[in-house]
Amino acid sequence: MSLSSAGWRCVDVLWAFLALCFLLAFCAHKISPYLPRKYETCGLYVLFQDLIRYGKTKQSLKRDDWLRVFDVPKRWFWHFYAISVGWNSLLLTLYLNFTFQHQSFPLWLTGILDFLTGVPTTKNQAPQLSTLLVQLLFCIHSLRRLMECLFVSVFSDGKIHLVQYVFGLGYYLILGLTVLCSDRLGKGTGPLLSQLDWFHVAGIALFLGASLMQHQSMVLLARLRTGKSGAVETLAHRVPNGGWFELVSCPHYFAELLIYISLSLVLGGQSLTWWLVVLYVFFNQALAAQLCHDLYTSKYESYPRHRKAFIPFVL
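Residues numbered from 1 in each chain as written. Predicted model: local features only at pLDDT ≥ 70, side-chain atom pairs only at ≥ 80, totals over all residues. Heavy atoms only, no water.

Student: Account for the overall build of the protein, with residues named and values stated.
Tutor: Looking only at helices and strands, the protein features ten helices and two strands. The C-alpha atoms of the protein give a radius of gyration of 21 Å, which matches the 20 Å a tight globule of 315 residues would have. Its C-alpha atoms give the protein principal-axis dimensions of about 60 × 45 × 35 Å. Looking at the protein residue by residue over its 315 residues, the buried ones come to 51%. Here the contacts in the protein between residues at least 6 apart in sequence split such that 79% fall between residues at least 24 apart. Carbon and sulfur atoms form 66% of the exposed surface of the protein, whose accessible area is close to 15,800 Å². Separation between the mean location of the 26 positive side-chain charges and that of the 16 negative ones in the protein comes to 3 Å. (Helix = DSSP H or I, 4+ residues; strand = E, 2+ residues; numbered from the N terminus. Rg over C-alpha atoms; globule rule 2.2 N^0.38 Å. Buried < 20%, exposed > 50% of the residue type's maximum accessible area, 1.4 Å probe, protein only. Contact = heavy atoms within 4.5 Å. Areas by Shrake-Rupley, 256 points an atom, 1.4 Å probe, with all protein chains shown as cover. Lys, Arg positive; Asp, Glu negative; His and termini not counted. Charge placed at Lys NZ, Arg CZ, Asp CG, Glu CD.)

Written out as structure tokens, the structure reads:
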């Protein structure tokens, strides 16, 4: 869907709705310190905080025992990336078969894409280099994050809400479909290599740079809990330093945003659908970063005041 198009599809409405929800959640969190303290014990307020917080930002939240029933371990984050690797590898395989073997998508996939885009399947649809690259890059991203969760990150006994867990599983399923939805409205024609353009190179370069930035940040976080030998020495939370942590509290969240922007560039920057995904990621990661930043500044008196939460020098 191009930026100049007036029509909105189901997939666009979905991502716009999710972006709006996290924008409202971010705004609600920002104004919550100014509310009367009596609201801190309000059931609705506690439920809201329980749903937006996870890990270390949830530990100080005063919750009733019945809310803790819905806690699952934060270390289960690797489930999200395992699902993403499997699902998006399947979609990539199907797209490769469509591109090089001229095999049609399965009927179940075609039906889903028809519903999400409102654009019926046509036999004249040409394979898009942009779509193929985004699928490949996203599989690489998911595999890297899976490896980091399993072999780099050191998880404490932090928790996430069951709703967050289910949402995370569904998120990576719909994201892979969203890439194919963007393909339905692509403009590329002719052989794949003839479609290569400058924005593909720029997007891949940004993707690689942001991925390196995120990996380095994850390594620095893991080292806060390990010794020189690599063995885990503590599960306590410490102030991160070094790298991009000198500028923001959560550079790994900033890198996540840059990764999604890079994929939008690979798509030519003309997909309204994917920019709505980027908008959702922005508000989602901004909320998570702000929660971490607030924890650091309230818990550590010597925490550097010049650090922003999410975007260097801005937010």
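After presenting the structure, the write-up continues.
Student: Any details on the pattern of salt bridges? Residues and values, ideally.
Tutor: Overall, the coordinates contain five salt bridges when judged by the stated rule. Salt-bridge contacts for Asp 50 lead to Lys 58; the nearest nitrogen and oxygen are separated by 2.6 Å. With a relative accessible area of 3%, Lys 58 lands in the buried category. Asp 50 is the partner of Arg 63 in a salt bridge, and the nearest nitrogen-oxygen pair spans 3.0 Å. A residue pair is termed long-range when its members are at least 10 positions apart, and Arg 63 in the loop between helix 2 (43–52) and helix 3 (65–68) and Asp 50 in helix 2 qualify at 13 residues. For the pair shown, Arg 63 and Asp 50 are each scored as buried. It is possible to trace a salt-bridge network through shared partners that takes in Asp 50, Lys 58, Arg 63 and Asp 71. (Salt bridge = Lys/Arg side-chain N within 4 Å of Asp/Glu carboxyl O.)

Student: Could you give me a rundown of the packing of aromatic side chains, with the residues and numbers involved?
Tutor: Under the counting rule described, the total for this entry stands at 28 aromatic pairs. Ring centres 5.6 Å apart and planes at 55° place the aromatic pair Tyr 95 and Phe 98 in the tilted group. On the criterion of helical spacing, the pair formed by Tyr 95 and Phe 98 is a turn pair, its members being three residues apart in helix 4 (residues 77–100). Each of the two residues, Tyr 95 as well as Phe 98, counts as buried. Every member of this aromatic cluster is reached through a ring pair, and the members are Trp 15, Phe 22, Tyr 81, Phe 138, Phe 167, Tyr 171, Tyr 172, Tyr 260, Trp 274 and Tyr 280. We note Lys 74 situated over the ring of Phe 77; from NZ or CZ to the ring centre the distance is 6.0 Å. (Phe/Tyr/Trp six-rings, centres within 6.5 Å; stacked < 30°, edge-to-face > 60°. Lys NZ or Arg CZ within 6 Å of the ring centre and 35° of its normal.)

Student: Can you tell me about the nonpolar core, naming the residues and giving the values?
Tutor: Trp 15, Tyr 260, Trp 274 and Phe 310 are the most contacted members of the largest nonpolar core, which totals 79 residues. For this core, the secondary-structure elements that each account for two or more residues are helix 1 (10–31), helix 4, helix 5 (107–117), helix 6 (129–151), helix 7 (162–184), helix 8 (198–223), helix 9 (251–266) and helix 10 (272–299). Excluding its chain neighbours within four sequence positions, the residues that come into contact with Tyr 260 are Phe 138, Tyr 171, Tyr 172, Leu 175, Trp 274, Val 277, Val 278 and Val 281. (Core = buried A, V, L, I, M, F, W, Y, C linked by side-chain atoms within 4.5 Å.)

Student: Hey, could you go over the side chain of Arg 145 for me, with residue numbers and the actual values?
Tutor: Position of Arg 145 relative to the elements: it lies in helix 6. Among the polar contacts listed, one links the side chain of Arg 145 to the side chain of Glu 148, at a separation of 2.7 Å. Sequence-distant contacts of Arg 145, that is, excluding residues within four places in its chain, are made with Tyr 81, Gln 214 and Met 218. (Polar contact = N/O pair within 3.5 Å; in protein donor to acceptor, adjacent residues only side chain to side chain.)

Student: Any details on empty space enclosed by the protein? Residues and values, ideally.
Tutor: Applying the stated criterion across every chain yields a total of two cavities of 30 Å³ or more. Of the pockets and cavities examined, the largest cavity occupies roughly 40 Å³. Residue lining of the largest cavity: Tyr 54, Thr 57, Tyr 253, Ala 288, Leu 291 and Cys 292, and that is the complete set. It is helix 10 that contributes the most residues to the lining of the largest cavity, three residues altogether. Tallied by class, the residues present in the lining of the largest cavity amount to five nonpolar, one polar and no charged. Taken together, Asn 88, Gln 135, Phe 138, Cys 139, Gly 176 and Val 179 make up the full set of residues lining the second largest cavity. Secondary-structure elements contributing two or more residues to the lining of the second largest cavity are helix 6 and helix 7. The element best represented in the lining of the second largest cavity is helix 6, accounting for three residues. Looking at side-chain class alone, the lining of the second largest cavity contains three nonpolar, three polar and no charged residues. (1 Å grid on protein atoms, 1.4 Å probe; cavity = no way out; pocket = protein on both sides within 12 Å on 5 of 7 lines; lining within 4 Å. Points joined across faces, edges and corners; volume = space filled by probe spheres on them. Nonpolar A, V, L, I, M, F, W, Y, C, P; charged D, E, K, R; others polar.)

Student: Lay out a nonpolar patch on the surface in plain terms, naming residues and giving numbers.
Tutor: Judged by side-chain polarity, Trp 76, Trp 78, Leu 143, Met 147, Leu 150 and Phe 151 come together as a nonpolar surface patch covering roughly 590 Å² of accessible area. Take the nonpolar patch: its biggest share by element is four residues, from helix 6. With respect to the secondary-structure elements, Leu 143 resides in helix 6. Look at Leu 143 and you get partly exposed, because its relative accessible area is 42%. (Patch = residues over 30% accessible without salt bridge, like charges linked within 9 Å, V, L, I, M, F, W, Y side chains within 5 Å.)

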